[in-house]
Amino acid sequence: MASRVLGLLLRYAYLYRRSLARSMELFFWPVMDLLVWGFLSVYLERVAAPRAVSYLVGALILWDVLYRCQQAITLAVTEDIWVKNIINLFVAPVRPAELMVATSIVGVFKAAIPGVLLTVLALVLYDYHLLALGGALAPFLASLLLFGWAVGIFTAGLILRFGQSAEALVWGIPFVLQPFSAVFYPVAVLPGWARTVALVLPSTHVFEGMRAVVAGEGLRGATLIAAFGLNAFYLLAGSLFFAWMLRRVREKGYLGKLGME
Amino acid sequence: MAQPVIEVTGLTKRFGATTAVDDLSFAVPRGEILGLLGPNGAGKTTTLQLLLGLTTPTAGQARVFGLDVQRRRYDVLQRVNFSSAYISLPTNLTGWENLHVFARLYGLRRPRPRVLALAETFGIADLLDRVTGALSSGQLTRLNLCKAFLNDPEVLFLDEPTASLDPDIADVVRETLRAQQRQRGVTIVYTSHNMREVERLCDRVLFLSRGREVASGTPRDVMERARQQTLEDVFIRIARDGRLTDSREAEG
């Protein structure tokens, strides 16, 4: 298993080393987001909203972790369909779990590399210290990483089932989750029905927890328990969904056609 | 017949109302090159997909090395390989990088000597540093075949591997396959629409029409039974009539 996971990691390492555009993409959008949201936060802090930089810039950096993890898994499957390599992978003795482990590890790197850059830039440009979240930072990051994996595995299942016609989901699904995750505002501002949706997302508990820490209320144990409990559920559900989709595409004969579309 | 490496029994695949493979049974002994032939939609590619476990059968069973492909898929995949004119390798990786990655996926511990030897065999040693997207279709086909031989497969499934190749390169590919079969006893299941190629390469052919076996045997046997001079004429008859003998002859 280790050899095959290393083989898959080698493939993604070659891919990033070869593609300047792909490497730039790791940094370009997060930095652009940081500039826009950061300066907006500075402005808001000056006119009326204390701690706007801490709330918004912190949220932006943490959100990017979830987004990058989801993208790493889903894009890996989508790209292998684009370049007609998916069949080569499925006729190699690579188990779906190995593919998911390898792409999840890629997700960690895709989240960590821009994450470090954004943290440094936020410090330089806005005097914002992400590390000021202290002991809460590690569980927050871990929780977003796990949810990013879960969403990525779910989306990869959809891509496997619907092929290139479902490509929009690669980019779209995180943005469906974003408003309900209360990334940039407290969950209390959402209408009642949306609040119900928000509370079943682990990301909501992380961002609520982050705001509580910034407000000096400290890390709430219940927040972390809720986030990790929900993550366990979504990881299991995502994996079962992927396995179900794989079974369906093999029954329907779509897997053979995927790489040949 | 020697102990079969591939055994297919009552294999059936239905997609809704369409039956792609219909109660197909055949066996392939070790070291044989079997041509899986028939017009478009005959069920060749679906049969290959069933043999690789890419598709699950509606009924029947495919066994490779005595192992049920559905239940022991990963054990089978470790010992077989596949190449097709219709799939590719990541275009932004070099030939070496692609082969290195797949060597790892097949568990090769020291991939470099194997990759270099195969690249030499298929005449692409000087292309390994080139990005795959910059290769011609002939060069890409040979790179795909290198990938297919990486794990020293005992069974090779090839789906129209010489489609879109010029005759010279197609000939090189055929000769290489023949040599591999002779030297290493590789069993090859081969689909092609090029009947001259099939006559030259295949020990045995199996014609399908609408998912069912229409004829099987050596190319010469099949031509004699169909009373045709060439395998291409046999193919045309089966494509038009769905059977080996002319319907008017059968009625007569």
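Figured I'd write up the structure that's included with this text.

Regarding the overall build of chain B
Next, step 1: Within chain B, the secondary structure is distributed over 10 helices and 10 strands.
Next, step 2: For 252 residues, the compact-globule estimate of 2.2 N^0.38 gives 18 Å, and chain B sits close to it at 18 Å.
Next, step 3: Expressed as lengths along the three principal axes of its C-alpha atoms, the size of chain B is roughly 65 × 40 × 35 Å.
Next, step 4: Counting only residues that meet the buried cut, chain B has 59% of its 252 residues in that class.
Next, step 5: In chain B, of all internal contacts separated by at least 6 residues, the share reaching a separation of at least 24 is 65%.

Points about the interface of chain B and chain A
Next, step 1: Facing 35 residues of chain B, the contacting portion of chain A comprises 33 residues.
Next, step 2: Around 3000 Å² of area is buried between chain B and chain A when both sides are counted, 60% of it from carbon and sulfur atoms.
Next, step 3: Joining chain B to chain A, the criterion identifies 1 salt bridge.
Next, step 4: The salt bridge involving Arg17(A) is made with Glu97(B); its shortest N-O contact spans 2.8 Å.
Next, step 5: Among the secondary structure elements, those contributing two or more residues to the side of chain B that touches chain A are strand 1 (4-15), helix 2 (73-77), strand 6 (80-84) and helix 3 (95-105) of chain B.
Next, step 6: The greatest single-element share of the side of chain B that touches chain A, amounting to 7 residues, is contributed by helix 3 of chain B.
Next, step 7: Looking at the side of chain B that touches chain A, its residues break down into 16 nonpolar, 13 polar and 6 charged.

Describing the nonpolar core
Next, step 1: Residues Ile6(B), Phe157(B), Leu177(B) and Phe207(B) are the most contacted members of the largest nonpolar core, which totals 163 residues.
Next, step 2: Sort the elements by how many residues they give to this core and helix 3 (residues 52-82) of chain A lands first, with 18 residues.
Next, step 3: Apart from the residues lying within four places of it in its own chain, the contact partners of Phe157(B) are Ile6(B), Leu48(B), Leu51(B), Leu52(B), Val80(B), Asn81(B), Phe82(B), Ser83(B) and Val189(B).
Next, step 4: If you look at the next biggest cluster of nonpolar residues, it comprises 5 residues, including Ala182(A), Leu190(A), Ala194(A) and Ala198(A).

With respect to the packing of aromatic side chains
Residue and element names in this part refer to chain A.
Next, step 1: A complete count under the given rule lists 12 aromatic pairs over all chains for this structure.
Next, step 2: Both rings, one in phenylalanine 28 and one in tryptophan 29, keep their centres 4.8 Å apart while their planes meet at 80°; by these two values the pair is edge-to-face.
Next, step 3: Residue phenylalanine 28 is classed as partly exposed on the basis of its relative accessible area, which comes to 39%.
Next, step 4: Look at tryptophan 29 and you get exposed, because its relative accessible area is 52%.
Next, step 5: Here the aromatic rings of tryptophan 63 and phenylalanine 207 are separated by 6.5 Å at their centres, their planes lie at 40°, and the arrangement is tilted. Highlighted residues: tryptophan 63 in helix 3 and phenylalanine 207 in helix 9 (residues 202-214), separated in sequence by 144 residues.

Comments concerning helix 5 (residues 137-149) of chain B
Next, step 1: Compared with an ideal rise of 1.5 Å per residue, which puts 13 residues at 18 Å, helix 5 of chain B spans 18 Å between its outermost C-alpha atoms and is within 8% of the ideal.
Next, step 2: Helix 5 of chain B sits mainly inside the fold: 12 of its 13 residues count as buried.
Next, step 3: Regarding helix 5 of chain B, the residues found buried are Gly138(B), Gln139(B), Leu140(B), Thr141(B), Arg142(B), Leu143(B), Asn144(B), Leu145(B), Cys146(B), Lys147(B), Ala148(B) and Phe149(B).
Next, step 4: Packing partners of the buried residues in helix 5 of chain B comprise helix 4 (86-90) of chain A together with strand 6, helix 3, helix 4 (111-121), strand 7 (155-159) and helix 6 (167-184) of chain B.

Observations concerning the sheet that holds strand 7 of chain B
Adjacent strands of a sheet form backbone hydrogen bonds with each other and so pair up, either parallel or antiparallel.
Residues and elements named next belong to chain B.
Next, step 1: Strand order in this open sheet of 6 strands is 6-7-8-3-9-10, and the pairing throughout is mixed. Each edge of the sheet is formed by a strand with only one pairing partner; in this case those strands are strand 6 and strand 10 (212-217). The mean inter-strand angle of the sheet, taken between neighbouring strand axes irrespective of direction, is 15°.
Next, step 2: Here strand 9 (residues 204-209) pairs with strand 10 via 5 bridges, running antiparallel. In the strand pairing of strand 10, leucine 208 is matched with glutamate 213.
Next, step 3: Most of the contacts of helix 8 (residues 219-226) go to strand 10, to which it runs at about 115°, and overall it touches strand 9 and strand 10.

A look at the pairing of strand 4 (residues 59-64) of chain B
Residues and elements named next belong to chain B.
Next, step 1: Strand direction decides the pairing type here: strand 1 and strand 4, joined by 5 bridges, are antiparallel. From the neighbouring strand, threonine 12 faces strand 4, where its bridge partner is alanine 59.
Next, step 2: In terms of strand pairing, strand 4 meets strand 5 (residues 67-68) through 2 bridges, oriented antiparallel. Note on strand 5: the bridge partner recorded for valine 64 is leucine 67.

With respect to the sheet that holds strand 5 of chain B
Residues and elements named next belong to chain B.
Next, step 1: Taken in spatial order, the 4 strands of this open sheet run 2-1-4-5, and their pairing is antiparallel. In this open sheet, the two edge strands, each paired with only one partner strand, are strand 2 (18-29) and strand 5.
Next, step 2: Together, strand 1, strand 2 and strand 4 form the strand contacts of helix 1 (residues 44-51), whose direction differs from that of strand 2 by roughly 60°.

Digging into the side chain of Gln180(B)
Next, step 1: If you trace the backbone, Gln180(B) turns up in helix 6.
Next, step 2: Taking relative accessible area as the criterion, Gln180(B) reaches 8% and is therefore assigned buried.

Considering the environment of Arg210(B)
Residues and elements named next belong to chain B.
Next, step 1: One can find arginine 210 in the loop between strand 9 and strand 10.
Next, step 2: Relative accessible area serves as the criterion here: at 65%, arginine 210 is assigned to the exposed category.
Next, step 3: Sequence separation between arginine 210 and phenylalanine 26 is 184 residues; the distance between their C-alpha atoms is 16 Å.
Next, step 4: Sequence-distant contacts of arginine 210, defined by excluding residues within four places in its chain, comprise Thr19, Ala20, Asp22, Ala42 and Gly242.

Conventions adopted
- Residues numbered from 1 in each chain as written.
- Chains lettered and ligands numbered in written order.
- Predicted model: local features only at pLDDT ≥ 70, side-chain atom pairs only at ≥ 80, totals over all residues.
- Heavy atoms only, no water.
- Helix = DSSP H or I, 4+ residues; strand = E, 2+ residues; numbered from the N terminus.
- Rg over C-alpha atoms; globule rule 2.2 N^0.38 Å.
- Buried < 20%, exposed > 50% of the residue type's maximum accessible area, 1.4 Å probe, protein only.
- Contact = heavy atoms within 4.5 Å.
- Buried area = accessible area lost by both parts, 1.4 Å probe.
- Salt bridge = Lys/Arg side-chain N within 4 Å of Asp/Glu carboxyl O.
- Nonpolar A, V, L, I, M, F, W, Y, C, P; charged D, E, K, R; others polar.
- Core = buried A, V, L, I, M, F, W, Y, C linked by side-chain atoms within 4.5 Å.
- Phe/Tyr/Trp six-rings, centres within 6.5 Å; stacked < 30°, edge-to-face > 60°.
- Expected span 1.5 Å × (residues − 1).
- Pairing = 2+ DSSP bridges.
- Axes fitted to C-alpha atoms, helices over the stretch in contact; angles between N-to-C directions.

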